[in-house]
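Listed below are the residues making up each chain.
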Amino acid sequence: MNARQSFLSCLLLLISSCEEKMDLDLHKAAARVVIDAQLSDASLVQRIRVSRSVGFNDLVNTSGVKDATVLVKDNENRIYSFQYEKDGYYIHRSFKPVAGRTYALNVTVQKQQYSSSCQMPSYVAVDSTGISEKSLTGKTYFLQH
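In what follows, the accompanying structure is described. The model shown is predicted, which means the values in this text are computed figures rather than measured ones.

Summing up its helical and strand segments, the protein has one helix and ten strands in all. Across the protein, helices and strands are ordered from the amino to the carboxyl terminus as α-β-β-β-β-β-β-β-β-β-β. Long-range contacts, defined as pairs at least 24 residues apart, comprise 41% of the intrachain contacts of the protein with a sequence gap of at least 6. As displayed, the protein offers around 11,700 Å² of accessible surface, 53% of which is attributable to carbon and sulfur atoms.

As structure tokens, then:
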């Protein structure tokens, strides 16, 4: 056996000996609260979804939470209360975030509180976009710039 064959044999042994069987019980994981909040200054209507995760093999991937309290407060102490609509969606129909302000999200689900905050970024004007085609080793790639 030459050096190359020895190296390949050792490499194969190393790769095959690093396997470990893991049993994950994805069906019994506890449901977790999921909050999807995407505020935008492009509209007066803001939507925040509050849901719970479900089992791995369930037909739906989340189930909406109906009895949450959803509030957004800005750094000028304005409070926006979101109202439940359906399927875990909480809506505010006359709230347009302002660039540069900081917004704090507070959600309460069964006495458990969740919070986050962020600053609304300023609008960035895009002056141009483009796509170019490049060939490398016989394959064609498209690059966005």
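Mapped onto the elements of the fold, His92 is located in strand E6 (residues 89-92). For His92, the side chain forms a polar contact with the main-chain nitrogen of Ser94, separated by 3.2 Å. Those residues within four positions of His92 in sequence are excluded, and the remaining contacts are Leu44, Val45, Gln46, Tyr80, Ser81 and Phe82.

Time to look at the pairing of strand E10 (residues 139-144). For E10, a buried count of zero out of six residues is recorded, marking the element as mostly open to its surroundings. Judged from the six bridges that link them, strand E9 (residues 131-136) and E10 form a sheet pairing that is antiparallel. Directly across from Lys134, in E10, lies its bridge partner Tyr141.

Now for the nonpolar core. Core analysis: the biggest nonpolar cluster contains 15 residues, and Val50, Ala68, Val70, Val72, Phe82 and Val107 have the highest contact counts within it. Only strand E2 (46-53), strand E4 (69-74), strand E5 (79-86) and strand E7 (102-109) provide two or more residues apiece to this core. For Ala68, the contacting residues outside a window of four places in its chain are Val50, Tyr90, Val107, Thr108 and Val109.

Examined against the element boundaries, Arg93 turns out to sit in the loop between E6 and E7. Look at Arg93 and you get partly exposed, because its relative accessible area is 49%. Spatially, the C-alpha atom of Arg93 lies 4.3 Å from that of Val45, the residues being 48 residues apart in sequence. With sequence-adjacent residues up to four places away left out, Arg93 is seen in contact with Leu44, Val45 and Glu85. Here the side chain of Arg93 touches Glu85 through a polar contact of 2.3 Å, side chain to side chain.

What follows is about the pairing of E7. Only one face of E7 is covered, namely the face carrying Tyr103, Leu105, Val107 and Val109; the face carrying Thr102, Ala104, Asn106 and Thr108 is uncovered. Relative to E7, E4 runs antiparallel, the two being bridged by six bridges. Bridge pairing links Leu71 to Asn106 in E7. Where E7 meets strand E8 (residues 112-119), eight bridges bridge the pair, whose relative direction is antiparallel.

Calculation criteria
All chains use their own residue numbering, which begins from 1 and follows the written sequence. Side-chain atom pairs in this predicted model are given and counted only at pLDDT of 80 or more, local residue features only at pLDDT of at least 70, and totals for whole chains, interfaces and linings cover all residues. Only heavy atoms go into the side-chain values, all of them from the structure, while hydrogens and water stay out. Segments assigned H or I by DSSP are reported as helices when at least four residues long, segments assigned E as strands when at least two residues long, and all are numbered from the N terminus. The criterion used for residue contact is that any of the two residues' heavy atoms lie within 4.5 Å. Where accessible areas are quoted, they stem from the Shrake-Rupley method and a 1.4 Å probe; at the residue level, only the protein chains shown are allowed to cover. N or O atoms closer than or at 3.5 Å make up a polar contact, with two conditions inside protein: a donor-capable atom paired with an acceptor-capable one, and, for residues adjacent in sequence, both atoms drawn from side chains. Partly exposed describes any residue whose relative accessible area lies between the buried limit of under 20% and the exposed limit of over 50%, with all areas from a 1.4 Å probe on protein chains only and scaled to the type maximum. Whether two strands pair depends on DSSP finding at least two bridges between them. Only buried Ala, Val, Leu, Ile, Met, Phe, Trp, Tyr and Cys residues count toward a nonpolar core, and they belong to the same one when joined by side-chain atoms within 4.5 Å.

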